[in-house]
Every structure is written in C-alpha cells, then in structure tokens.
Amino acid sequence: MKMVAPWTRFYSHSCCLCCHVRTGTILLGVWYLIINSVVLLVLLSALADPDQYHFSSSELGGEFEFMDDANMCIAIAISLLMILICAMATYGAYKQHAAWIIPFFCYQIFDFALNTLVAITVLVYPNSIQEYIRQLPPSFPYRDDIMSVNPTCLVLIILLFISIVLTFKGYLISCVWSCYRYINGRNSSDVLVYVTSNDTTVLLPPCDDTTAVTGTAKEPPPPYVSA
C-alpha cells in the first residue's frame, strides 16, 4: 500500500519534456533571464550610440527619431526589473521559496492578458491590420507581399498565430503555478506522511515487523482435550 502526500493529489508534477515542474520553472526563468539580458545589452548599446536609431526623411517620409533618451531610460529600467523578476523566480524554484515565484507568475498573467487584448482587437477591428501595414516604411521586409494577401486570410493567419502563442503561454503559466503549489505544499506540511515521488519512496511495514515492534503477538490456543 502506498500513500501520497496531500499536495500531489490534484495536479501533476511533470511539464514540458516530462521534467519536474521545478526543473521546468528553473529553465523558464533562465530563458527569460537570457532574453532580457540581451535586450538590455541592445538598449545600452543604443544609448551609447544614438545615431544608430535615427532615420532620415528618405526612409520614413519625415524626420523621425526611433527612441529618445527618456524612452530609452524607461526601457532600460523595465529590462532591469524583468531581469530581477526572472532571477527571483529561478532562485525561488531552485531553493524552494514559493514567495519568490509570485512576481514572475504575475508577469506571466499580465503578458497573457495583453496578448488576449491584441487578439480581441484583431477580431473586432480586422481593418486595423491593413492600416498598420500601410503605415510601415516602404523598406520594411515583405511589406508589399503582405499587402497583397487577402484581408480575411491575413486576419485568420494572425488569429491562428496569436492562438498558438496564447496556448503556449497558458501552458507555461500552469507549469509555474504547479511549481508554486508544489513548493508551498512541501514547505507548509506539518505532518509526516508516506510519500511516493521521484525523490523518496516509503512503504508501509509488513505485518511481522508491526507485531515485533508492538510486542503483542497472539499466543496459540490451548490444545483440544476429548471428554
């Protein structure tokens, strides 16, 4: 007979590639950490060389500066905040501190809600895609090819792409939430129970061991005597 811990009854510990939710959360946090670090390096290089992001009137039809110093500083601050949040999630999953995962989980919820609003906007205002493409500079790659696509087909393609992205993001949210519940359940458990997981397996002792410990073995009945 095997008994399972209370925090393992209602959700799975496995996520992408059949690894544990802790491992998946650590890998996800490291991945986001790398992406935001690269973005931070790009922003710092752009801040050091502003002429790299300055387009002439022949390219955009007017004098236009891609990002000024104020917006660049805000973007750098957001990148630093994201690096901190991802580092907290990675450390919390590795050291099994559930509270450190909450900021990263909130960021995932906000990102999912933002992408959902984009999908709703595309569905409600399908003509906005064509208007946005027309505002792109003529040197934008494949601009003319995209404009030649049927508007209905273009909307369906974009909605399909956003649906795939939302499904994947929802799956990652469930993995992080399962990791939070797993760590929180392990840390808040006050009763030692028989656990069967990937780490430990404890079985109930056999009947002979039980009687040997208690010392209350039954004596055999008296012999039968005929009258």
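Residues numbered from 1 in each chain as written. Predicted model: local features only at pLDDT ≥ 70, side-chain atom pairs only at ≥ 80, totals over all residues. Heavy atoms only, no water.

J.: Even after reading the chapter, I still don't get the UniProt feature "transmembrane region" (unreviewed entry) in the protein, so can you show me in this structure?
T.: With numbering aligned to this structure, UniProt lists the feature "transmembrane region" (unreviewed entry) at residues 30-49, 70-94, 100-125 and 146-168. Secondary structure within residues 30-49 divides into 95% helix and 0% strand; the distance between the first and last C-alpha atoms comes to 29 Å. Across residues 146-168, the secondary structure splits into 87% helix and 0% strand, with the terminal C-alpha atoms separated by 25 Å. (UniProt positions renumbered as here; feature names shortened; annotations may be inferred. Helix = DSSP H or I, 4+ residues; strand = E, 2+ residues; numbered from the N terminus.)

J.: In this structure, what is going on with the packing of aromatic side chains? I would like to understand it.
T.: The description of an aromatic ring pair rests on the distance of the ring centres and on the angle between the ring planes. For the coordinates displayed, the defined rule picks out 6 aromatic pairs. Both rings, one in Tyr91 and one in Trp100, keep their centres 4.9 Å apart while their planes meet at 55°; by these two values the pair is tilted. A centroid spacing of 6.2 Å and a plane angle of 40° characterise the contact between Phe104 and Tyr107, whose relative ring orientation is tilted. With Phe104 and Tyr107 both in helix 4 (residues 102-124) and 3 residues apart, the pair spans about one turn of that helix. Classification of Tyr107 as partly exposed rests on a relative accessible area of 21%. An aromatic cluster is defined as three or more aromatic residues linked by ring pairs; in this entry it consists of Tyr32, Phe104 and Tyr107. (Phe/Tyr/Trp six-rings, centres within 6.5 Å; stacked < 30°, edge-to-face > 60°. Buried < 20%, exposed > 50% of the residue type's maximum accessible area, 1.4 Å probe, protein only.)

J.: For this particular structure, what's the right way to read the environment of Thr152?
T.: Position of Thr152 relative to the elements: it lies in helix 7 (residues 151-188). A relative accessible area of 52% places Thr152 in the exposed class. In the structure, Thr152 is positioned 26 residues away from Pro126 in sequence and 8.0 Å away in space, judged by C-alpha atoms.

J.: It is not clear to me how helix 4 should be interpreted in this structure. Could you clarify?
T.: Each α-helix winds once per 3.6 residues, and so residues spaced three or four apart point in a common direction. Between the first and last C-alpha of helix 4 there are 33 Å, a value that for 23 residues agrees with the 33 Å anticipated at 1.5 Å per step. Phe104, Gln108, Asp111, Ala119 and Val122 are the residues of helix 4 that are buried. (Expected span 1.5 Å × (residues − 1).)

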